[in-house]
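If you want the building blocks of each chain, they are given just below.
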Amino acid sequence: MSDAPIITAHHLSWWYTPQTDTGEPIQALNGLDFAIQSGSFTGIIGPTGAGKSTLCMAFAGIIPNPEDGVMRGGMTVAGYDTAECTVAQLSSAVGYVQQDPESQLFCASVEDELAFPMESRGVDPDLIDQRIDTLLHLVGMDGYRHRVPTSLSGGQMQRVAIAAALAARPQVLVLDEPTAALDPEGKQDVCAVVEKLRAQRKMTIIMAEQDTDDLARYADHIMVLDHGSIIMQSDASLFTVHRDRLIELGVALPGAEPPTPGTSPMPVHQDDDGSAPAIRFQSVTYRYAQGGNDSAALDDVSFTIPRGEFVGLIGRNGSGKTTLARHLNGMLHPTSGTVTVDGLDVSRHRVGEMAAHVGVAFQNPDHQIFCSTTRDEIAFGPACLGVPRDEIDRRVDRILTRFGLEDVADQSPATLGYGQRRLVAFASVLVMDTPIVVLDEPTAGLDRRLSGMMLDAVSERNRQGATMVMISHDMRVVRERCTMLITLDDGRLRACGRLALAADDPWHPAGLTGRRIDGR
(Lines give C-alpha, C1' and ligand atoms only; values in the text may rest on other atoms or scores of the structure.)
Protein backbone atom coordinates (compact mmCIF):
# COMPACT_ATOMS: atom_id res chain seq x y z
CA MET A 1 0.00 0.00 0.00
CA SER A 2 1.34 3.40 -0.98
CA ASP A 3 1.92 6.01 1.70
CA ALA A 4 0.40 8.74 -0.48
CA PRO A 5 -3.33 9.37 -0.02
CA ILE A 6 -5.37 9.03 -3.18
CA ILE A 7 -8.26 11.00 -1.67
CA THR A 8 -8.20 13.96 0.70
CA ALA A 9 -11.01 16.10 2.06
CA HIS A 10 -10.49 19.47 3.76
CA HIS A 11 -13.41 20.94 5.72
CA LEU A 12 -15.80 19.48 3.15
CA SER A 13 -19.40 20.64 3.62
CA TRP A 14 -22.43 20.39 1.36
CA TRP A 15 -25.88 21.95 1.47
CA TYR A 16 -28.70 20.78 -0.82
CA THR A 17 -30.73 23.58 -2.39
CA PRO A 18 -34.15 23.94 -0.71
CA GLN A 19 -36.96 22.36 -2.72
CA THR A 20 -39.49 25.08 -1.94
CA ASP A 21 -39.36 28.88 -2.11
CA THR A 22 -39.63 29.17 1.66
CA GLY A 23 -37.43 26.19 2.50
CA GLU A 24 -33.98 26.26 4.08
CA PRO A 25 -30.84 24.68 2.57
CA ILE A 26 -30.33 21.17 3.92
CA GLN A 27 -26.85 20.41 5.18
CA ALA A 28 -25.79 16.87 4.31
CA LEU A 29 -22.03 17.03 4.98
CA ASN A 30 -20.47 19.02 7.79
CA GLY A 31 -16.78 19.96 7.77
CA LEU A 32 -15.27 16.58 6.85
CA ASP A 33 -11.51 16.14 7.11
CA PHE A 34 -9.94 12.81 6.16
CA ALA A 35 -7.44 11.06 3.93
CA ILE A 36 -7.81 7.71 2.18
CA GLN A 37 -4.69 5.81 1.26
CA SER A 38 -4.15 4.38 -2.19
CA GLY A 39 -4.98 0.66 -2.27
CA SER A 40 -6.98 0.76 0.97
CA PHE A 41 -10.48 -0.52 1.70
CA THR A 42 -12.59 2.13 3.46
CA GLY A 43 -15.98 1.32 4.93
CA ILE A 44 -18.51 4.12 5.55
CA ILE A 45 -21.21 3.37 8.11
CA GLY A 46 -23.84 5.27 10.06
CA PRO A 47 -27.60 5.53 10.51
CA THR A 48 -29.94 6.12 7.59
CA GLY A 49 -29.71 9.78 6.56
CA ALA A 50 -26.23 10.27 8.03
CA GLY A 51 -24.79 11.49 4.70
CA LYS A 52 -23.24 8.27 3.38
CA SER A 53 -24.77 8.47 -0.10
CA THR A 54 -23.97 12.18 -0.37
CA LEU A 55 -20.33 11.46 0.45
CA CYS A 56 -20.25 8.68 -2.16
CA MET A 57 -21.56 11.17 -4.75
CA ALA A 58 -18.80 13.57 -3.71
CA PHE A 59 -16.17 10.90 -4.40
CA ALA A 60 -17.63 10.43 -7.89
CA GLY A 61 -17.75 14.18 -8.60
CA ILE A 62 -21.56 14.26 -8.85
CA ILE A 63 -21.24 16.72 -6.02
CA PRO A 64 -20.58 19.61 -6.64
CA ASN A 65 -21.15 19.29 -10.40
CA PRO A 66 -24.69 18.58 -11.68
CA GLU A 67 -26.24 18.53 -8.21
CA ASP A 68 -28.00 21.69 -7.03
CA GLY A 69 -26.36 22.87 -3.85
CA VAL A 70 -23.49 24.70 -2.23
CA MET A 71 -20.10 23.23 -1.33
CA ARG A 72 -17.57 24.61 1.12
CA GLY A 73 -14.09 23.21 1.55
CA GLY A 74 -12.83 20.75 -1.03
CA MET A 75 -11.91 17.24 -2.08
CA THR A 76 -9.15 15.82 -4.23
CA VAL A 77 -9.59 12.39 -5.83
CA ALA A 78 -6.77 10.70 -7.80
CA GLY A 79 -5.20 14.09 -8.44
CA TYR A 80 -8.46 15.76 -9.53
CA ASP A 81 -9.99 18.68 -7.66
CA THR A 82 -13.66 17.66 -7.77
CA ALA A 83 -14.74 21.30 -7.90
CA GLU A 84 -12.60 21.95 -10.98
CA CYS A 85 -13.22 18.85 -13.12
CA THR A 86 -16.27 17.31 -14.80
CA VAL A 87 -17.89 14.05 -13.83
CA ALA A 88 -16.73 12.61 -17.18
CA GLN A 89 -13.12 13.52 -16.44
CA LEU A 90 -13.25 12.01 -12.97
CA SER A 91 -14.93 8.83 -14.28
CA SER A 92 -11.63 7.83 -15.85
CA ALA A 93 -10.31 7.32 -12.31
CA VAL A 94 -13.48 6.54 -10.32
CA GLY A 95 -16.04 3.79 -10.81
CA TYR A 96 -19.31 4.45 -8.98
CA VAL A 97 -22.20 2.11 -8.17
CA GLN A 98 -25.29 3.90 -6.87
CA GLN A 99 -27.57 2.75 -4.09
CA ASP A 100 -30.29 2.08 -6.67
CA PRO A 101 -28.63 0.20 -9.57
CA GLU A 102 -31.71 0.55 -11.79
CA SER A 103 -31.13 4.31 -12.01
CA GLN A 104 -27.76 3.86 -13.72
CA LEU A 105 -28.63 1.09 -16.18
CA PHE A 106 -29.94 2.54 -19.44
CA CYS A 107 -28.79 0.35 -22.35
CA ALA A 108 -30.79 -2.24 -24.28
CA SER A 109 -28.69 -5.21 -23.16
CA VAL A 110 -26.26 -6.21 -20.43
CA GLU A 111 -23.36 -6.36 -22.89
CA ASP A 112 -24.11 -2.80 -24.04
CA GLU A 113 -24.02 -1.60 -20.42
CA LEU A 114 -20.52 -3.01 -20.03
CA ALA A 115 -19.34 -1.93 -23.48
CA PHE A 116 -20.44 1.70 -23.12
CA PRO A 117 -17.72 2.89 -20.67
CA MET A 118 -15.03 1.10 -22.69
CA GLU A 119 -16.24 2.47 -26.02
CA SER A 120 -16.27 5.96 -24.51
CA ARG A 121 -12.56 5.56 -23.83
CA GLY A 122 -11.62 4.13 -27.22
CA VAL A 123 -10.87 0.57 -26.11
CA ASP A 124 -10.27 -1.82 -29.04
CA PRO A 125 -13.56 -3.61 -29.98
CA ASP A 126 -11.96 -7.06 -29.85
CA LEU A 127 -10.63 -6.32 -26.37
CA ILE A 128 -14.06 -5.02 -25.32
CA ASP A 129 -15.65 -8.32 -26.28
CA GLN A 130 -13.14 -10.28 -24.21
CA ARG A 131 -13.50 -7.98 -21.21
CA ILE A 132 -17.30 -8.30 -21.19
CA ASP A 133 -17.07 -12.06 -20.73
CA THR A 134 -14.40 -11.64 -18.04
CA LEU A 135 -16.45 -9.06 -16.14
CA LEU A 136 -19.66 -11.08 -16.28
CA HIS A 137 -17.82 -14.12 -14.95
CA LEU A 138 -16.26 -11.98 -12.24
CA VAL A 139 -19.66 -10.93 -10.87
CA GLY A 140 -21.37 -14.29 -11.40
CA MET A 141 -23.50 -13.25 -14.38
CA ASP A 142 -22.31 -15.70 -17.04
CA GLY A 143 -25.03 -16.34 -19.59
CA TYR A 144 -26.76 -12.97 -19.07
CA ARG A 145 -24.89 -11.08 -21.79
CA HIS A 146 -27.94 -10.54 -24.00
CA ARG A 147 -30.52 -9.97 -21.29
CA VAL A 148 -32.44 -6.71 -21.09
CA PRO A 149 -31.29 -5.05 -17.81
CA THR A 150 -34.84 -4.15 -16.77
CA SER A 151 -35.82 -7.83 -16.95
CA LEU A 152 -33.31 -8.70 -14.22
CA SER A 153 -33.96 -8.97 -10.52
CA GLY A 154 -32.70 -6.20 -8.24
CA GLY A 155 -29.71 -8.27 -7.16
CA GLN A 156 -28.81 -9.14 -10.74
CA MET A 157 -29.01 -5.47 -11.73
CA GLN A 158 -26.66 -4.71 -8.86
CA ARG A 159 -24.10 -7.19 -10.20
CA VAL A 160 -24.34 -5.68 -13.70
CA ALA A 161 -23.87 -2.18 -12.29
CA ILE A 162 -20.73 -3.33 -10.46
CA ALA A 163 -19.37 -4.94 -13.64
CA ALA A 164 -20.05 -1.73 -15.59
CA ALA A 165 -18.23 0.33 -12.95
CA LEU A 166 -15.23 -1.98 -13.29
CA ALA A 167 -15.21 -1.95 -17.10
CA ALA A 168 -12.96 1.10 -17.42
CA ARG A 169 -10.53 -0.28 -14.81
CA PRO A 170 -10.75 2.70 -12.41
CA GLN A 171 -8.24 3.47 -9.68
CA VAL A 172 -11.05 3.99 -7.16
CA LEU A 173 -14.25 1.95 -6.85
CA VAL A 174 -17.09 3.59 -4.87
CA LEU A 175 -19.95 1.29 -3.84
CA ASP A 176 -23.08 2.68 -2.18
CA GLU A 177 -24.94 -0.15 -0.40
CA PRO A 178 -23.80 -2.70 -3.02
CA THR A 179 -25.12 -5.77 -1.21
CA ALA A 180 -28.51 -4.48 -0.01
CA ALA A 181 -30.40 -6.33 -2.77
CA LEU A 182 -28.22 -9.45 -2.78
CA ASP A 183 -28.83 -12.88 -1.31
CA PRO A 184 -26.30 -14.11 1.33
CA GLU A 185 -24.24 -15.98 -1.24
CA GLY A 186 -24.30 -12.99 -3.56
CA LYS A 187 -23.03 -10.74 -0.78
CA GLN A 188 -20.11 -13.09 -0.21
CA ASP A 189 -19.41 -13.19 -3.95
CA VAL A 190 -19.34 -9.41 -4.29
CA CYS A 191 -17.04 -8.92 -1.32
CA ALA A 192 -14.74 -11.66 -2.61
CA VAL A 193 -14.61 -9.92 -6.01
CA VAL A 194 -13.86 -6.57 -4.37
CA GLU A 195 -11.03 -8.04 -2.31
CA LYS A 196 -9.63 -9.81 -5.39
CA LEU A 197 -9.63 -6.56 -7.36
CA ARG A 198 -7.94 -4.77 -4.52
CA ALA A 199 -5.18 -7.38 -4.39
CA GLN A 200 -4.66 -7.79 -8.15
CA ARG A 201 -5.09 -4.22 -9.38
CA LYS A 202 -4.16 -2.24 -6.25
CA MET A 203 -7.58 -0.65 -6.49
CA THR A 204 -8.85 1.66 -3.75
CA ILE A 205 -12.24 0.51 -2.45
CA ILE A 206 -14.83 2.70 -0.73
CA MET A 207 -18.01 0.96 0.42
CA ALA A 208 -20.98 2.49 2.25
CA GLU A 209 -22.91 -0.28 3.98
CA GLN A 210 -25.52 -1.09 6.61
CA ASP A 211 -24.39 -4.74 6.78
CA THR A 212 -21.07 -4.55 8.63
CA ASP A 213 -20.07 -8.23 8.61
CA ASP A 214 -17.86 -7.96 5.54
CA LEU A 215 -16.53 -4.52 6.47
CA ALA A 216 -15.23 -5.99 9.73
CA ARG A 217 -13.50 -8.70 7.74
CA TYR A 218 -12.06 -6.75 4.82
CA ALA A 219 -11.91 -3.00 5.56
CA ASP A 220 -8.79 -1.47 7.05
CA HIS A 221 -10.36 1.96 7.54
CA ILE A 222 -13.86 2.67 8.91
CA MET A 223 -15.54 6.08 8.98
CA VAL A 224 -18.71 6.55 11.04
CA LEU A 225 -21.04 9.36 9.93
CA ASP A 226 -23.92 10.92 11.83
CA HIS A 227 -25.83 14.03 10.73
CA GLY A 228 -23.21 14.70 8.07
CA SER A 229 -20.22 14.65 10.45
CA ILE A 230 -17.50 12.07 10.99
CA ILE A 231 -17.94 11.14 14.63
CA MET A 232 -15.21 8.51 14.66
CA GLN A 233 -12.80 6.76 12.31
CA SER A 234 -10.39 3.93 12.92
CA ASP A 235 -9.76 0.37 11.84
CA ALA A 236 -12.27 -2.45 12.40
CA SER A 237 -11.49 -2.45 16.12
CA LEU A 238 -14.03 0.36 16.53
CA PHE A 239 -16.80 -2.27 16.24
CA THR A 240 -15.59 -3.53 19.61
CA VAL A 241 -14.28 -0.34 21.21
CA HIS A 242 -17.38 1.74 20.36
CA ARG A 243 -19.94 -1.06 20.38
CA ASP A 244 -22.49 0.70 22.60
CA ARG A 245 -22.31 3.94 20.65
CA LEU A 246 -22.86 2.13 17.34
CA ILE A 247 -25.87 0.29 18.74
CA GLU A 248 -27.26 3.63 19.92
CA LEU A 249 -26.89 4.97 16.35
CA GLY A 250 -28.75 1.98 14.93
CA VAL A 251 -25.69 0.53 13.20
CA ALA A 252 -25.71 -3.26 12.83
CA LEU A 253 -22.74 -4.89 14.51
CA PRO A 254 -20.76 -7.65 12.80
CA GLY A 255 -21.67 -11.24 13.60
CA ALA A 256 -24.92 -13.01 14.34
CA GLU A 257 -27.27 -10.94 16.47
CA PRO A 258 -29.77 -12.38 18.92
CA PRO A 259 -33.42 -11.45 18.31
CA THR A 260 -34.41 -8.09 19.69
CA PRO A 261 -36.52 -8.55 22.86
CA GLY A 262 -40.20 -8.45 22.08
CA THR A 263 -39.79 -9.10 18.36
CA SER A 264 -39.90 -12.90 18.20
CA PRO A 265 -42.59 -14.34 15.93
CA MET A 266 -46.05 -14.40 17.38
CA PRO A 267 -47.66 -17.82 16.96
CA VAL A 268 -50.57 -17.80 14.56
CA HIS A 269 -53.56 -19.81 15.76
CA GLN A 270 -56.07 -20.60 13.04
CA ASP A 271 -59.45 -22.19 13.42
CA ASP A 272 -60.26 -25.11 11.14
CA ASP A 273 -63.40 -23.40 9.94
CA GLY A 274 -63.10 -24.29 6.28
CA SER A 275 -62.49 -20.66 5.27
CA ALA A 276 -60.69 -19.95 2.00
CA PRO A 277 -56.92 -19.44 2.24
CA ALA A 278 -55.43 -16.00 1.74
CA ILE A 279 -53.36 -17.11 -1.28
CA ARG A 280 -53.32 -20.22 -3.46
CA PHE A 281 -51.06 -20.99 -6.41
CA GLN A 282 -52.14 -23.95 -8.51
CA SER A 283 -49.61 -25.25 -11.09
CA VAL A 284 -48.49 -21.70 -11.91
CA THR A 285 -45.98 -21.23 -14.72
CA TYR A 286 -44.88 -17.85 -16.01
CA ARG A 287 -42.61 -16.94 -18.91
CA TYR A 288 -41.60 -13.38 -19.76
CA ALA A 289 -42.45 -12.49 -23.35
CA GLN A 290 -39.30 -10.40 -23.78
CA GLY A 291 -35.97 -10.12 -22.07
CA GLY A 292 -36.21 -13.32 -20.05
CA ASN A 293 -34.26 -16.56 -19.99
CA ASP A 294 -35.37 -19.58 -22.01
CA SER A 295 -36.40 -21.19 -18.73
CA ALA A 296 -39.66 -20.26 -17.00
CA ALA A 297 -39.48 -17.53 -14.38
CA LEU A 298 -41.98 -19.63 -12.41
CA ASP A 299 -42.20 -23.34 -13.19
CA ASP A 300 -45.28 -25.33 -12.05
CA VAL A 301 -45.49 -23.65 -8.63
CA SER A 302 -48.22 -24.80 -6.22
CA PHE A 303 -48.75 -23.80 -2.58
CA THR A 304 -51.35 -22.49 -0.17
CA ILE A 305 -50.99 -19.69 2.41
CA PRO A 306 -53.61 -19.70 5.21
CA ARG A 307 -54.95 -16.37 6.42
CA GLY A 308 -52.98 -14.58 9.12
CA GLU A 309 -49.56 -15.99 8.27
CA PHE A 310 -46.36 -13.95 8.13
CA VAL A 311 -44.61 -15.51 5.15
CA GLY A 312 -40.93 -15.20 4.36
CA LEU A 313 -40.34 -15.50 0.60
CA ILE A 314 -36.67 -16.33 0.10
CA GLY A 315 -34.28 -17.63 -2.54
CA ARG A 316 -31.25 -16.54 -4.52
CA ASN A 317 -31.34 -13.49 -6.76
CA GLY A 318 -33.22 -14.40 -9.92
CA SER A 319 -35.04 -17.33 -8.32
CA GLY A 320 -38.48 -15.86 -9.12
CA LYS A 321 -39.44 -14.08 -5.88
CA THR A 322 -40.41 -10.74 -7.43
CA THR A 323 -42.16 -12.49 -10.32
CA LEU A 324 -44.23 -14.46 -7.81
CA ALA A 325 -45.06 -11.34 -5.80
CA ARG A 326 -46.25 -9.52 -8.93
CA HIS A 327 -48.86 -12.23 -9.46
CA LEU A 328 -50.48 -11.38 -6.13
CA ASN A 329 -51.93 -8.03 -7.20
CA GLY A 330 -52.40 -8.73 -10.91
CA MET A 331 -49.31 -6.95 -12.22
CA LEU A 332 -48.56 -10.29 -13.89
CA HIS A 333 -50.93 -13.07 -14.91
CA PRO A 334 -49.73 -16.68 -15.14
CA THR A 335 -48.87 -18.20 -18.49
CA SER A 336 -50.63 -21.28 -17.16
CA GLY A 337 -52.18 -22.26 -13.86
CA THR A 338 -54.31 -20.26 -11.42
CA VAL A 339 -53.53 -17.65 -8.75
CA THR A 340 -56.29 -17.07 -6.19
CA VAL A 341 -55.90 -14.18 -3.74
CA ASP A 342 -58.46 -13.33 -1.07
CA GLY A 343 -60.93 -15.57 -2.87
CA LEU A 344 -60.41 -13.91 -6.28
CA ASP A 345 -58.97 -15.40 -9.46
CA VAL A 346 -56.35 -12.70 -10.07
CA SER A 347 -56.30 -13.19 -13.85
CA ARG A 348 -59.94 -11.99 -13.96
CA HIS A 349 -59.27 -8.69 -12.18
CA ARG A 350 -57.33 -5.53 -12.92
CA VAL A 351 -54.56 -4.18 -10.68
CA GLY A 352 -56.86 -1.40 -9.50
CA GLU A 353 -59.47 -3.92 -8.42
CA MET A 354 -56.90 -6.00 -6.55
CA ALA A 355 -55.70 -2.90 -4.65
CA ALA A 356 -58.53 -3.32 -2.14
CA HIS A 357 -57.21 -6.79 -1.32
CA VAL A 358 -53.41 -6.56 -1.68
CA GLY A 359 -51.07 -3.72 -0.73
CA VAL A 360 -47.57 -3.84 -2.24
CA ALA A 361 -44.57 -1.92 -0.86
CA PHE A 362 -41.79 -1.92 -3.46
CA GLN A 363 -38.12 -1.96 -2.51
CA ASN A 364 -37.53 1.25 -4.47
CA PRO A 365 -39.84 3.93 -2.98
CA ASP A 366 -39.52 6.07 -6.10
CA HIS A 367 -41.59 3.48 -7.98
CA GLN A 368 -44.66 4.48 -6.01
CA ILE A 369 -44.21 8.09 -4.84
CA PHE A 370 -45.85 10.76 -7.00
CA CYS A 371 -48.02 13.13 -4.91
CA SER A 372 -47.10 16.72 -4.09
CA THR A 373 -47.07 16.29 -0.30
CA THR A 374 -46.34 13.46 2.12
CA ARG A 375 -49.85 13.73 3.55
CA ASP A 376 -51.45 13.44 0.11
CA GLU A 377 -49.19 10.50 -0.75
CA ILE A 378 -50.29 8.51 2.29
CA ALA A 379 -53.96 9.48 1.82
CA PHE A 380 -54.09 8.57 -1.88
CA GLY A 381 -54.66 4.81 -1.49
CA PRO A 382 -57.52 4.98 1.02
CA ALA A 383 -59.17 7.71 -1.06
CA CYS A 384 -59.08 5.47 -4.16
CA LEU A 385 -60.71 2.71 -2.11
CA GLY A 386 -63.57 5.02 -1.15
CA VAL A 387 -62.72 5.36 2.55
CA PRO A 388 -64.63 8.29 4.12
CA ARG A 389 -62.61 11.50 4.39
CA ASP A 390 -62.72 11.74 8.18
CA GLU A 391 -61.49 8.14 8.49
CA ILE A 392 -58.69 8.87 6.02
CA ASP A 393 -57.60 11.86 8.09
CA ARG A 394 -57.56 9.75 11.26
CA ARG A 395 -55.52 7.01 9.62
CA VAL A 396 -53.04 9.44 8.05
CA ASP A 397 -52.50 11.42 11.26
CA ARG A 398 -51.99 8.20 13.20
CA ILE A 399 -49.38 6.80 10.83
CA LEU A 400 -47.58 10.15 10.41
CA THR A 401 -47.10 10.19 14.18
CA ARG A 402 -46.07 6.55 14.36
CA PHE A 403 -43.34 6.97 11.75
CA GLY A 404 -42.19 10.42 12.88
CA LEU A 405 -43.25 12.10 9.65
CA GLU A 406 -45.36 14.93 11.11
CA ASP A 407 -42.71 17.57 10.35
CA VAL A 408 -42.60 16.64 6.66
CA ALA A 409 -46.36 16.09 6.21
CA ASP A 410 -46.67 19.13 3.92
CA GLN A 411 -43.35 18.59 2.15
CA SER A 412 -42.96 16.84 -1.19
CA PRO A 413 -41.98 13.22 -0.46
CA ALA A 414 -39.66 13.26 -3.49
CA THR A 415 -37.42 15.77 -1.65
CA LEU A 416 -36.97 13.56 1.43
CA GLY A 417 -33.97 11.41 2.21
CA TYR A 418 -33.93 7.74 1.22
CA GLY A 419 -34.99 6.45 4.63
CA GLN A 420 -37.92 8.84 4.92
CA ARG A 421 -39.04 8.06 1.35
CA ARG A 422 -39.07 4.38 2.29
CA LEU A 423 -41.22 5.19 5.32
CA VAL A 424 -43.66 7.27 3.26
CA ALA A 425 -44.04 4.56 0.61
CA PHE A 426 -44.51 1.92 3.26
CA ALA A 427 -47.00 4.04 5.22
CA SER A 428 -49.02 4.66 2.05
CA VAL A 429 -49.49 0.89 1.71
CA LEU A 430 -50.09 0.08 5.36
CA VAL A 431 -52.73 2.81 5.75
CA MET A 432 -54.97 1.09 3.19
CA ASP A 433 -55.69 -1.71 5.70
CA THR A 434 -55.71 -4.41 3.02
CA PRO A 435 -56.09 -8.02 4.22
CA ILE A 436 -52.86 -8.97 2.42
CA VAL A 437 -49.62 -6.94 2.38
CA VAL A 438 -46.58 -7.70 0.20
CA LEU A 439 -43.20 -6.27 1.25
CA ASP A 440 -40.20 -6.33 -1.10
CA GLU A 441 -36.96 -6.23 0.92
CA PRO A 442 -38.39 -3.85 3.57
CA THR A 443 -35.12 -3.59 5.55
CA ALA A 444 -32.66 -3.20 2.66
CA GLY A 445 -30.49 -0.10 3.09
CA LEU A 446 -32.09 0.92 6.40
CA ASP A 447 -30.49 1.12 9.82
CA ARG A 448 -31.75 -0.99 12.71
CA ARG A 449 -33.91 1.84 14.10
CA LEU A 450 -35.89 2.49 10.91
CA SER A 451 -36.15 -1.15 9.89
CA GLY A 452 -37.39 -2.02 13.38
CA MET A 453 -39.99 0.75 13.20
CA MET A 454 -41.33 -0.58 9.91
CA LEU A 455 -41.31 -4.23 10.98
CA ASP A 456 -43.01 -3.52 14.30
CA ALA A 457 -45.87 -1.90 12.39
CA VAL A 458 -46.04 -4.93 10.08
CA SER A 459 -46.07 -7.37 12.99
CA GLU A 460 -48.90 -5.42 14.62
CA ARG A 461 -50.99 -5.66 11.43
CA ASN A 462 -50.20 -9.37 11.29
CA ARG A 463 -51.42 -9.88 14.85
CA GLN A 464 -54.63 -8.08 13.86
CA GLY A 465 -55.19 -10.74 11.20
CA ALA A 466 -53.53 -9.45 8.02
CA THR A 467 -51.51 -11.88 5.92
CA MET A 468 -47.95 -10.71 5.25
CA VAL A 469 -45.69 -11.84 2.41
CA MET A 470 -42.13 -10.53 2.78
CA ILE A 471 -39.37 -10.95 0.22
CA SER A 472 -36.14 -10.78 2.18
CA HIS A 473 -32.49 -11.74 2.16
CA ASP A 474 -32.17 -10.67 5.80
CA MET A 475 -32.20 -14.01 7.60
CA ARG A 476 -32.22 -12.27 10.98
CA VAL A 477 -35.53 -10.62 10.14
CA VAL A 478 -36.99 -13.82 8.70
CA ARG A 479 -36.11 -15.61 11.92
CA GLU A 480 -37.61 -12.96 14.16
CA ARG A 481 -40.83 -12.24 12.30
CA CYS A 482 -41.99 -15.04 10.02
CA THR A 483 -44.32 -17.92 10.82
CA MET A 484 -44.15 -19.55 7.40
CA LEU A 485 -41.50 -19.94 4.72
CA ILE A 486 -41.55 -20.27 0.93
CA THR A 487 -38.25 -20.97 -0.79
CA LEU A 488 -37.80 -20.62 -4.56
CA ASP A 489 -34.92 -21.98 -6.62
CA ASP A 490 -34.64 -21.17 -10.33
CA GLY A 491 -38.38 -20.61 -10.60
CA ARG A 492 -39.33 -23.81 -8.81
CA LEU A 493 -40.78 -24.31 -5.35
CA ARG A 494 -38.06 -25.75 -3.17
CA ALA A 495 -39.89 -25.70 0.18
CA CYS A 496 -43.10 -24.39 1.70
CA GLY A 497 -44.44 -24.71 5.22
CA ARG A 498 -44.67 -23.43 8.77
CA LEU A 499 -41.40 -22.54 10.44
CA ALA A 500 -40.60 -24.93 13.29
CA LEU A 501 -39.91 -22.77 16.32
CA ALA A 502 -39.03 -25.51 18.78
CA ALA A 503 -36.42 -24.59 21.37
CA ASP A 504 -34.22 -27.49 20.27
CA ASP A 505 -34.28 -26.43 16.62
CA PRO A 506 -31.16 -24.26 16.17
CA TRP A 507 -31.09 -21.31 13.84
CA HIS A 508 -28.51 -20.99 11.10
CA PRO A 509 -27.88 -17.26 10.55
CA ALA A 510 -26.16 -17.76 7.15
CA GLY A 511 -29.23 -19.38 5.64
CA LEU A 512 -32.30 -21.45 6.24
CA THR A 513 -31.21 -24.78 4.77
CA GLY A 514 -30.62 -26.23 8.23
CA ARG A 515 -33.94 -25.11 9.68
CA ARG A 516 -36.76 -27.62 9.68
CA ILE A 517 -39.84 -26.67 7.70
CA ASP A 518 -43.11 -28.41 8.44
CA GLY A 519 -44.94 -29.24 5.24
CA ARG A 520 -43.83 -29.68 1.70
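Cut-offs and rules
- Residues numbered from 1 in each chain as written.
- Predicted model: local features only at pLDDT ≥ 70, side-chain atom pairs only at ≥ 80, totals over all residues.
- Heavy atoms only, no water.
- Core = buried A, V, L, I, M, F, W, Y, C linked by side-chain atoms within 4.5 Å.
- Buried < 20%, exposed > 50% of the residue type's maximum accessible area, 1.4 Å probe, protein only.
- Contact = heavy atoms within 4.5 Å.
- Pairing = 2+ DSSP bridges.
- Helix = DSSP H or I, 4+ residues; strand = E, 2+ residues; numbered from the N terminus.
- Axes fitted to C-alpha atoms, helices over the stretch in contact; angles between N-to-C directions.
- Salt bridge = Lys/Arg side-chain N within 4 Å of Asp/Glu carboxyl O.
- Phe/Tyr/Trp six-rings, centres within 6.5 Å; stacked < 30°, edge-to-face > 60°.

### Observations regarding the nonpolar core
So, step 1. Judged by nonpolar contacts, the single largest core of 50 residues is most densely connected at Leu114 and Leu246.
So, step 2. Apart from residues no more than four positions distant in its own chain, Leu114 is found in contact with Ile132, Leu135, Leu136, Val160, Ala163, Ala164 and Ala167.
So, step 3. Val387, Leu416, Met432 and Ala457 belong to the second-largest nonpolar core, a separate cluster that totals 43 residues.

### Looking at the pairing of strand β10 (residues 229-234)
So, step 1. Note: strand β9 (residues 221-226) against β10, five bridges, orientation antiparallel. Bridge assignment links Leu225 to a residue of β10, and that residue is Ile230.
So, step 2. Linking β9 to β10, which pair antiparallel, is a turn of two residues; within it His227 sits at a positive phi near 50°.

### Comments concerning the sheet that holds strand β12 (residues 298-305)
So, step 1. In spatial order, the strands read β12-β11-β14-β15; together these four strands make up an open sheet with antiparallel pairing. Each end of this open sheet is capped by a strand with a single partner; those strands are β12 and β15 (344-345).
So, step 2. The strands touched by helix α10 (residues 321-328) within the sheet are β11 (279-286), β12 and β14 (336-341), with β11 carrying the most contacts at an inclination of about 125°.

### Describing the pattern of salt bridges
So, step 1. Applying the stated rule across the entire model yields 23 salt bridges.
So, step 2. Its salt-bridge partner being Arg461, residue Asp433 comes within 3.9 Å of it at the nearest N-O pair. Of this pair, Asp433 sits in the loop between α14 (418-430) and β17 (436-440) while Arg461 sits in helix α15 (residues 448-463), and the two are 28 residues apart along the sequence.
So, step 3. Residue classification places Asp433 among the partly exposed positions, given a relative accessible area of 37%.

### Brief notes about the environment of Ile471
So, step 1. By the element assignment, Ile471 lies in strand β18 (residues 467-471).
So, step 2. Given a relative accessible area of 2%, Ile471 falls into the buried group.
So, step 3. Considering only alpha carbons, one finds Ile471 and Pro442, 29 residues apart in sequence, at a separation of 7.9 Å.
So, step 4. Leaving out residues up to four positions away in the same chain, Ile471 has contacts with Leu313, Lys321, Thr322, Ala325, Leu439, Asp440, Glu441 and Pro442.

### Notes on the pairing of β14
So, step 1. In terms of strand pairing, β11 meets β14 through five bridges, oriented antiparallel. In the strand pairing of β14, Thr285 is matched with Ser336.
So, step 2. Here β14 pairs with β15 via two bridges, running antiparallel. Bridging across to β15, Thr340 finds its partner in Asp345.
So, step 3. Adjacent in sequence and paired antiparallel, β14 and β15 are bridged by two residues, among which Asp342 carries a positive phi angle near 55°.

### Remarks on the packing of aromatic side chains
So, step 1. As enumerated under the stated definition, the model contains seven aromatic pairs in all.
So, step 2. With a centroid separation of 6.0 Å and 70° between ring planes, the pair formed by Phe34 and Phe59 is classed as edge-to-face. Of this pair, Phe34 sits in strand β2 (residues 26-37) while Phe59 sits in helix α1 (residues 52-59), and the two are 25 residues apart along the sequence.
So, step 3. Taking the centre distance of 4.9 Å and the plane angle of 85° together, the rings of Phe370 and Phe380 count as edge-to-face. Of this pair, Phe370 sits in the loop between β16 (358-361) and α12 (374-384) while Phe380 sits in helix α12; the two residues are ten residues apart in sequence, bridging distant segments of the chain.

### Looking at the sheet that holds strand β7 (residues 172-176)
So, step 1. Pairing is mixed in the open sheet, where six strands are placed in the order β6-β7-β8-β3-β9-β10. Both outer strands of the open sheet, β6 (94-97) and β10, are each paired with one neighbouring strand and no more. In this sheet, neighbouring strand axes are inclined to one another by 15° on average, regardless of whether the strands run parallel or antiparallel.
So, step 2. Along the sheet, α1 contacts β3 (41-45), β6, β7, β8 (204-208) and β9; its crossing angle with β7, the most-contacted strand, is approximately 155°.
So, step 3. Along the sheet, helix α5 (residues 154-166) contacts β6 and β7; its crossing angle with β6, the most-contacted strand, is approximately 170°.

Geometric descriptors of this kind do not, in isolation, establish any biological role.
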